[in-house]
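Inside the fold
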Amino acid sequence: SGVASVTFDVIVVGSGAGALLAAIRAADQGLKPLVIEKTSLIGGTSALSGGGIWIPCNHDQARAGVQDSLEDAFRYVRTCARGEASDDRVLAYVETARVMADYLRQIGVAYRCMPLYADYYPTLPGARPGGRTMDPVDFNAAKLGPQALEQVRPTNPGQLIFGRMNINAFDARTMLAKEPRANWVLAKIMLRYFVDYPWRLKSRRDRRLTGGQALMAGLFHAARQRNIPIWTDTSLQSLIVDGARVAGVVVRRGGADGREQREERLSARRAVILAAGGFERNQAMREQYLPQPTDQGWTATPPGANTGDAIQAGAAVGGALHLMGLTWGVPTLLVPKEEKYRPMFVERSMPGCMVVNARGERFLNESGPYPEFQQAMFANHAATGGAIPAWIVFDADFRAKYPIGPLMPSAAVPDAKVRKSWWDQVVWKGETLAELAGRIGVDAQGLAASAARMSEFARTGKDLDFDRGGNVFDRYYGDVNVHPNPNLAPIAKGPFYAMKLWPGDIGTKGGLLTDREARVLDSGGQVIPGLYCVGNNSASVMGPAYPGAGSTLGPAMTFAYRAIAEICGQP
Ligand code: FAD
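Attention here is on the structure that accompanies the text.

Reading guide: rules and limits
- Residues numbered from 1 in each chain as written.
- Predicted model: local features only at pLDDT ≥ 70, side-chain atom pairs only at ≥ 80, totals over all residues.
- Heavy atoms only, no water.
- Near = heavy atom within 4 Å.
- Polar contact = N/O pair within 3.5 Å; in protein donor to acceptor, adjacent residues only side chain to side chain.
- Areas by Shrake-Rupley, 256 points an atom, 1.4 Å probe, with all protein chains shown as cover.
- Phe/Tyr/Trp six-rings, centres within 6.5 Å; stacked < 30°, edge-to-face > 60°.
- Helix = DSSP H or I, 4+ residues; strand = E, 2+ residues; numbered from the N terminus.
- Buried < 20%, exposed > 50% of the residue type's maximum accessible area, 1.4 Å probe, protein only.
- Salt bridge = Lys/Arg side-chain N within 4 Å of Asp/Glu carboxyl O.

1. Here we look at the site of the ligand
Around the ligand, the structure places 38 residues, and the nearest of them are Glu37, Ser46, Asp309, Asn536 and Leu553. Between an oxygen atom of the ligand and a main-chain N or O atom of glycine 51, the distance comes to 3.4 Å. A distance of 2.9 Å separates a nitrogen atom of the ligand from a polar backbone atom of glycine 52. Here the ligand has 1000 Å² of accessible area as a free molecule, and 97% of this is covered by the chains.

2. Here's the deal with the packing of aromatic side chains
In this description, an aromatic ring pair is defined by two values, namely the gap between the centres and the angle between the planes. All told, the structure shown has 22 aromatic pairs when counted by the stated rule. Ring geometry for tyrosine 117 and tyrosine 477: centres 6.1 Å apart, planes at 80°, overall edge-to-face. With tyrosine 117 in the loop between strand 4 (111-113) and strand 5 (133-136) and tyrosine 477 in the loop between helix 17 (472-476) and strand 20 (496-508), this pair connects stretches of sequence that are 360 residues apart. The exposure classification of tyrosine 117 matches that of tyrosine 477, with both residues buried. Between tyrosine 370 and tyrosine 546, the ring centres sit 5.2 Å apart and the planes meet at 80°, which makes this aromatic pair edge-to-face. Here tyrosine 370, found in helix 13 (residues 370-384), pairs with tyrosine 546, found in the loop between strand 23 (527-533) and helix 18 (553-567); they are 176 residues apart in sequence, far enough to count as distant.

3. Quick word on the pattern of salt bridges
Two side chains with opposite charge may pair up if their charged atoms get near one another. Counted by the stated rule, this structure contains 39 salt bridges. Glutamate 263 is paired through a salt bridge with arginine 252; the nearest N and O atoms lie 3.9 Å apart. Here glutamate 263, found in strand 13 (residues 262-274), pairs with arginine 252, found in strand 12 (residues 245-253); they are eleven residues apart in sequence, far enough to count as distant. Its salt-bridge partner being glutamate 456, residue arginine 459 comes within 2.8 Å of it at the nearest N-O pair. In this pair, arginine 459 and glutamate 456 both sit in helix 16 (residues 444-460), three residues apart, roughly one turn of the helix. Here the salt bridges share partners, and the residues they tie into one network are Asp68, Asp72, Arg75, Asp119, Arg128 and Arg132.

This is the structure we're talking about:
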């Protein structure tokens, strides 16, 4: 304890989606917030995400003709969570998510629901075949201005077309699934970008922000309108406790300009809200808590950012930890010269590819939800020793039609134009399957047998091994022109290609245990007064599962919203 130098009502640690939403809501409720961010950029992983939020019974469902109910949503999440999140919290989420989404709209961060994007486990009770995931409406960066835009963490190269143009989830799906409008959509995006030269003189970033960029630029804009101080290059070191209450933070500030960092004590009259992400960039914590093998390099989140500082600070004042062995899993791949691994969310679902282990055997449904994909890699690796890394293998037809990793379809960028440094680093090639097998060190007979079997499944439309394409979730990212199963095509036409996949993540899922108002609990289940926690800093309300796209950002912002209501005495 001790006297702090500067006082705020609420101090928010981190600057991702949950953090900024909390600060904005606090300001709207008449409180004086401060946001502190460890890096020089605002937005964390949230800024380079898809920006999707999973919101049952959202305000846009009526327009889209989607039927939903809170009872079903509760049942669904509860089933997914398998007893690893309290009913109380699940109910709080389901009830408040739509209120929060409506608030986002009021503060200028618009969303629309995706009527065809299914919950990830569409056969579980209470699931919906679409409409709960919402995608950010495109945000015009001119509202922020080019200078403020530079302060927002830029997106991944993987999220951009030709490394430049942003794309929203609707357009991405239209193009990947080869819907009839696909070419038109691409032409429109390119045209809009190229005619916008007045803006390009001011900024190299596309003015039309989508996904996590739209979300975080929108929130940053709302924060600026409210004059909320956001201190970058300021990292939480520890929490100040006064009696039983958390009353402030010790931070280290500065250093980006080469001057010495200094320690400061800041006091929080009402609350400290921890929203500083997970621990995926902390190798020691990964080794302590996560399944092995593990490597902080595999994550798709920004280097150096989320090292679990605020999980440790919360634990140091008695906060209980939960779900520490879990991540938001996704297969990732390394592209040389990029600062972090790229997640492979959807390309693996398109027809004409398969994923194999070192024996050349398939071991999962390539089109299934990405968290299951990552877990299957660990399970198969434990059994065979050859699934980390795994290989995604595809043929010339696939290569011609679909983008994968950093490769554009060969119809647009043929092999001869692929960057030289990518061969045998990102993508491997063989004129025959046997040649490819030799190059990547995979059993050739096994690979040939798997390809032949896949070609047979493509003919019948039934994947007898893993039921790929067997439900509406799988089929969303399939080719509408491929029959009888949009996720299955023969792997038969040379040359053949492969890419290396790692069991990566888009953040960790375990952290401080919280109650329905996002208050941090101690190991006895008692509230630690003055301390709140949201996002990947806290143990997920979804337990071990990933109910639908937007299951991390939706809860981060919803519990931020509830935390402020609680702080203001309006639970
Ligand atoms: P972050 O957004 O990472 O913010 C944490 C911030 O805290 C960082 O800026 C960090 O620098 C800062 N920080 C860390 N330590 C300190 C400290 N000591 N002091 C001060 N600040 C600190 N999820 C979805 O729900 N929907 C999607 O569509 C989606 N798409 C994704 C796409 C990609 C490519 C990726 C990589 C992820 C995606 N995710 C998605 C996952 C989602 O982005 C993350 O789970 C989410 O952003 C985590 O939010 P957060 O606020 O907990 O952490």
